[in-house]
Amino acid sequence: MLIYHPAYDANHCLYRLLAILQATIDSSITWDQLRVLDYYYLFPSQLKNIQPWPANIKEFKVKLKSIPDQFEDINNPARVLYDLQVFQKTAALELIAKEIISKTDFEDGKIKLNYNSLPDGYLKLVEDDYFLRSDAFEIITKALPKVDFNGASGLKKRSGLMEYIYDIK
């Protein structure tokens, strides 16, 4: 039996990455940060597993209550993020080819959106997307980019999604 999940849909991945980049246009996002934000876009109830919750975004913790529990059982979140990398990289390369994100910034590990290159159809689609107005999306795009990403107190460790012990302080 075939079961569809947006995690394994390259076109949906394009949409997710664009939505995240558009919402975080004022923040400097690295490739790994974008990958983690995309993971939480797909599985917003996993935000509840960030331990301990970062003190600098404590005002967002109350919004976790409005996020419904998921029906998927994710036994190994780090493996799921690893498996998503193929789709995420393909989507990023497509966005680079269309000059929607900067190739030179991507090569330097940063992701920068060229807002003027976004198609009009996409902008209309975003206006009608309910999830992009949800508490979960606000946490993903407004709160998480404020959290240190690397090190023993960074989002990598708190989320358990990536290795952090070799990070340069």
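Residues numbered from 1 in each chain as written. Predicted model: local features only at pLDDT ≥ 70, side-chain atom pairs only at ≥ 80, totals over all residues. Heavy atoms only, no water.

**Observations regarding the layout of surface pockets**
Here is step 1: Of the volumes computed, that of the largest pocket is approximately 280 Å³.
Here is step 2: In terms of lining residues, the largest pocket is bounded by 17 residues, among which Pro-44, Ser-45, Ile-67, Pro-68 and Phe-131 are the most central.
Here is step 3: The residue inventory of the lining of the largest pocket, partitioned by class, reads nine nonpolar, four polar and four charged. (1 Å grid on protein atoms, 1.4 Å probe; cavity = no way out; pocket = protein on both sides within 12 Å on 5 of 7 lines; lining within 4 Å. Points joined across faces, edges and corners; volume = space filled by probe spheres on them. Nonpolar A, V, L, I, M, F, W, Y, C, P; charged D, E, K, R; others polar.)

**Remarks on the environment of Arg-16**
Here is step 1: Among the secondary structure elements, Arg-16 is positioned in helix H1 (residues 10-23).
Here is step 2: Separated by 72 residues in sequence, Arg-16 and Gln-88 place their C-alpha atoms 9.5 Å apart.
Here is step 3: At a separation of 2.5 Å, a polar atom in the side chain of Arg-16 contacts the side chain of Asp-38. (Helix = DSSP H or I, 4+ residues; strand = E, 2+ residues; numbered from the N terminus. Polar contact = N/O pair within 3.5 Å; in protein donor to acceptor, adjacent residues only side chain to side chain.)

**Here we look at the environment of Ala-152**
Here is step 1: When you line up the elements, Ala-152 lands in the loop between helix H6 (135-143) and helix H7 (155-159).
Here is step 2: In sequence terms Ala-152 and Tyr-164 are 12 residues apart; their C-alpha atoms lie 6.7 Å from each other.
Here is step 3: In this view, Ala-152 contacts Lys-157 and Tyr-164; residues no more than four positions away in its chain are not counted. (Contact = heavy atoms within 4.5 Å.)

**A word on the packing of aromatic side chains**
Here is step 1: Counting across every chain of the model gives eight aromatic pairs.
Here is step 2: Judged by centre distance (5.7 Å) and plane angle (70°), the rings of Tyr-8 and Phe-87 are edge-to-face. On the criterion of sequence distance, the pair formed by Tyr-8 in the segment before H1 and Phe-87 in helix H3 (residues 77-97) is long-range, its members being 79 residues apart.
Here is step 3: With relative accessibility at 47%, the residue Tyr-8 sits in the partly exposed group.
Here is step 4: Residues Phe-131 and Phe-137 carry aromatic rings whose centres are separated by 5.9 Å and whose planes lie at 65° to one another, so their mutual orientation is edge-to-face.
Here is step 5: Taken together through their ring pairs, the aromatic side chains of Tyr-39, Tyr-40 and Phe-43 make up a single cluster. (Phe/Tyr/Trp six-rings, centres within 6.5 Å; stacked < 30°, edge-to-face > 60°. Buried < 20%, exposed > 50% of the residue type's maximum accessible area, 1.4 Å probe, protein only.)

**Remarks on the nonpolar core**
Nonpolar side chains tend toward joint burial in soluble globular proteins.
Here is step 1: Core analysis: the largest hydrophobic core is formed by 54 residues, its most contacted members being Tyr-39, Tyr-40, Leu-47, Ile-139 and Leu-144.
Here is step 2: Taken together, the elements giving at least two residues each to this core come down to H1, helix H2 (31-42), H3, helix H5 (120-127) and H6. (Core = buried A, V, L, I, M, F, W, Y, C linked by side-chain atoms within 4.5 Å.)

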